[in-house]
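These are the residues of each chain, in order.
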Amino acid sequence: MGIFNKLLGGKKKNNSLNTNHQELRQEYNVMTNISLYTSPKYENKKIYEFVENGIYLDMNDEDVTVYRMCISYKLEDTADNNNQYPLEDILDKYSLYVSDFLESENDLNSVVFKLELGGELDDIKKAQEILGKKVYNQDVLDNEGEIRVTLVIK
C-alpha cells in the first residue's frame, strides 16, 4: 500500500448517520505530535524561497496558492482505518491542499507521516494553529437529532 492510499483510505465518512444505527463516537483517527518539517527539497533555492516560520514560496507555481509548508504528525489509528480524516477536514477548514505526499521521505511501516501542504499565505499561517495540538474528528448530535462529524483541535 502506497503512502497516498495509507493517508487517504478507501472508506467514505458519513456526514449524517441515523442515531438508531450507530452510537456517538468520541474520537476517530487522532493526529498528534504535529510539527513543522523541513523537506530536503527546500534546499533548492532556484525553486523554493524561505518566507517565514516553515513557510516557503514555490517559484515554479504560477497559481495564487504558491505557498508551502511541510508537517509531520503521528496518526493514532482506529479500527476503521479511514486515514483520510481528520486530514481532509483540516484541508477544508484552512482551504489547503496536499501539494506533495513526500513519498520518498515517509516510511510505509510507520504511523508518522510527512506531507507538504499548499495554499495562500494567510491560509498556511492560520493552519499553523494545529502545530503541537491533538486533532481528531468526533460525532456530535445536531438540533435534529442526527449525528454529525466535527473537527476538534485541542
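Refer to the structure above for everything that follows.
Quick caveat: nothing in here was measured; it's all calculated off a predicted structure.

(A) Region of interest: the pattern of salt bridges. Evaluation of the coordinates by the stated rule reveals 7 salt bridges. Of the charged contacts, one joins Asp-100 and Lys-41 as a salt bridge, the two residues approaching to 2.7 Å between their closest N and O atoms. In this pair, Asp-100 sits in strand β5 (residues 97-100) while Lys-41 sits in the loop between β1 (30-36) and β2 (48-52), placing the two residues 59 residues apart along the sequence. Since its relative accessible area comes to 22%, Lys-41 is described here as partly exposed.

(B) Spatial organisation of the packing of aromatic side chains. Per the counting criterion, the structure on display carries 4 aromatic pairs. The interplanar angle of 15 degrees and the centroid separation of 3.9 Å between the aromatic rings of Tyr-42 and Tyr-56 together place this pair among those described as stacked. Within this pair, whereas Tyr-42 is found in the loop between β1 and β2, its partner Tyr-56 is found in strand β3 (residues 55-58), the two being separated by 14 residues in sequence. Both residues of the pair, Tyr-42 and Tyr-56, belong to the buried class. Each ring, one from Tyr-73 and one from Phe-113, has its centre 5.7 Å from the other, and the planes form 35 degrees; the classification is tilted. Of this pair, Tyr-73 sits in strand β4 (residues 67-76) while Phe-113 sits in strand β6 (residues 112-119), and the two are 40 residues apart along the sequence. Neither residue differs from the other here; Tyr-73 and Phe-113 are each classed as buried. By way of ring pairs, the aromatic residues Tyr-42, Tyr-48, Phe-50 and Tyr-56 are connected into one cluster.

(C) Quick look at the environment of Leu-102. Relative to the helices and strands, Leu-102 resides in the loop between β5 and β6. A C-alpha to C-alpha distance of 5.5 Å links Leu-102 and Leu-115, two positions 13 residues apart in sequence.

Definitions and cut-offs
Note on numbering: residues in each chain are counted from 1, in written sequence order. Local features in this predicted model are restricted to residues whose pLDDT is 70 or higher, and side-chain atom pairs enter the listing and the counts only when it is 80 or higher, whereas totals over whole chains, interfaces and linings include all residues. Working from all heavy atoms in the structure, the side-chain values ignore hydrogens and water. Put simply, a salt bridge is a Lys or Arg side-chain nitrogen that is within 4 Å of an Asp or Glu carboxyl oxygen. Where helices and strands are cited, they refer to DSSP runs of H or I of at least four residues and of E of at least two residues respectively, numbered from the N terminus. Burial classes: relative accessible area under 20% of the type maximum marks a residue as buried, over 50% as exposed, and values in between as partly exposed (1.4 Å probe, protein chains only). Each Phe, Tyr or Trp ring (for Trp, its six-membered ring) is paired with any other whose centre lies within 6.5 Å, and the angle between the two planes then decides the class: stacked below 30 degrees, edge-to-face above 60, tilted in between.

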